[in-house]
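Descriptive structure summary
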There are 2 protein chains.
Amino acid sequence: MAAWGERLAGVRGVLLDISGVLYDGGEGGGAPIAGSVEALARLKRSQLKVRFCTNESQKSRGDLVGMLRRLGFDISEGEVTAPAPATCLILKERGLRPHLLIHDGVRSEFDQIDTSNPNCVVIADAGEGFSYQNMNKAFQVLMELENPVLLSLGKGRYYKETSGLMLDVGPYMKALEYACGIEAEVVGKPSPEFFKSALREMGLEAHQAQ
Amino acid sequence: MAAWGERLAGVRGVLLDISGVLYDGGEGGGAPIAGSVEALARLKRSQLKVRFCTNESQKSRGDLVGMLRRLGFDISEGEVTAPAPATCLILKERGLRPHLLIHDGVRSEFDQIDTSNPNCVVIADAGEGFSYQNMNKAFQVLMELENPVLLSLGKGRYYKETSGLMLDVGPYMKALEYACGIEAEVVGKPSPEFFKSALREMGLEAHQAQ
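Since this is a predicted model, take the numbers as computed values, not measurements. (Residues numbered from 1 in each chain as written. Chains lettered and ligands numbered in written order. Predicted model: local features only at pLDDT ≥ 70, side-chain atom pairs only at ≥ 80, totals over all residues. Heavy atoms only, no water.)

**Things to note about the domain arrangement of chain A**
All names here are of chain A. Taken as a whole, chain A is organised into domain 1 (4-82 + 191-208) and domain 2 (83-187). A straight line from the C-alpha centre of domain 1 to that of domain 2 covers 24 Å. The contact between domain 1 and domain 2 buries some 1,400 Å² in all, and 49% of this surface belongs to carbon and sulfur atoms. It is S57, Q58 and A82 in domain 1 that bury the most area against domain 2; as a group they hold 40% of the surface buried on that side. At the boundary of domain 1 with domain 2, the tally comes to one salt bridge. The closest approach of N and O atoms between K160 and D24, which form a salt bridge, is 3.9 Å. (Domains from an automatic or database assignment. Buried area = accessible area lost by both parts, 1.4 Å probe. Salt bridge = Lys/Arg side-chain N within 4 Å of Asp/Glu carboxyl O.)

In structure tokens form, the structure reads like this:
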């Protein structure tokens, strides 16, 4: 294998995923992936800029970073690009008042958002919150809108926890799309806009990042 | 409007839907749609053959017919084509042992089916049974199969209850399709096979039925 310097010629920064790259989630908070704490420390000692780009939508950035620091990772909240804060920007820009179908762990990210008289639905990885009752409520809100808007924090199919594979937000996004005959707007990876905002926060162009 | 005789020239039988045609379901068993009890009685007095073709998958045929009779409809179990019995035939023919993601009300239709060591998933309108936990279990069963088979009893988007619109099985079928990267086999309307089996049971060809 070529040395790092050679393989990364022209690269000035690295965007890292979190779940499945730094750690696997699960009961009791999950576990670091072997070697990842040291690999991150090594990256941080290098000349490369480091930023984290995650579709994590069950936890606020504060909770996520706190958990990662307890697992030994060198990471701070300002280094994380996540879909919930990106969604809040969109909601404010477009005057949207969401009905939130989200995990309680991420609710604090929406504290400053007006949720009265909703004119859109925001769906995130709600985990056990994806009850029939909650899905039906989101569906009914959408069906009552003249122009139904569905924002989805990512569209992942599933993710791995220490206990096994878990359904992610994507399947539930597809369910609402089909039920209402609409197409969701995805905030998060793989949306190019989302990657671009992470690069902007690093002060880099796409060809300078890996 | 033309008289019945003229409009139905050449027609020897009528296939009737049940939910949304004879009655709207809901709390306390639902309510007949205005005029439907009399319309059915009139059809039955005519020369036309009458059969019921439903995607109802929350109730066994016995329970469905009992409920309709209490609402005043002239209907018997043998006159009903429904997806659960049609699915049981398919399971037996193909040696499939299902993991059942279904409503408790229809479970008795699967009493004679071997559900040990499942090699497929059967999904029906499970209502409140569409919990995250139950959806995730069905997903995990499919992901462990070399050739995942998903049978869906209908693919309706939603239906109307007296209390409002309710998500049907279709959105949840789409969720599992997306999560696993597979396509479900639909048993029930609008599958041509399903209509054909209803016509066979009436002894009619497609052009003879309305």
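**Re the packing of helix α5 (residues 132-143) of chain B against helix α6 (residues 169-180) of chain B**
Residue and element names in this part refer to chain B. Remark: α5 packs on α6, axes separated minimally by 10 Å, with the N-to-C direction vectors making an angle of 40°. The angle between α5 and α6 falls in the class oblique. Where α5 crosses over α6, the handedness of that crossing is right-handed. For the pair formed by α5 and α6, the contact residues are M135, A138, F139, L142 and M143 on the first element and Y172, A175, L176, A179 and C180 on the second. Split by residue class, the contact of α5 with α6 holds ten nonpolar, no polar and no charged. (Axes fitted to C-alpha atoms, helices over the stretch in contact; angles between N-to-C directions. Helix = DSSP H or I, 4+ residues; strand = E, 2+ residues; numbered from the N terminus. Parallel < 35°, antiparallel > 145°, perpendicular 65-115°, else oblique. Left-handed = near helix turned anticlockwise from the far one by under 90°. Contact = heavy atoms within 4.5 Å. Nonpolar A, V, L, I, M, F, W, Y, C, P; charged D, E, K, R; others polar.)

**Thoughts on the sheet that holds strand β4 (residues 49-53) of chain A**
Residues and elements named next belong to chain A. Overall, parallel pairing links the three strands, which are arranged β1-β4-β5 in an open sheet. Across the chains shown, the open sheet's two edge strands, defined by having one partner strand only, are β1 (13-16) and β5 (80-81). The pairing of β4 with β5 spans two bridges and is parallel. Each residue of the ladder has a partner; that of C53, found in β5, is T81. (Pairing = 2+ DSSP bridges.)

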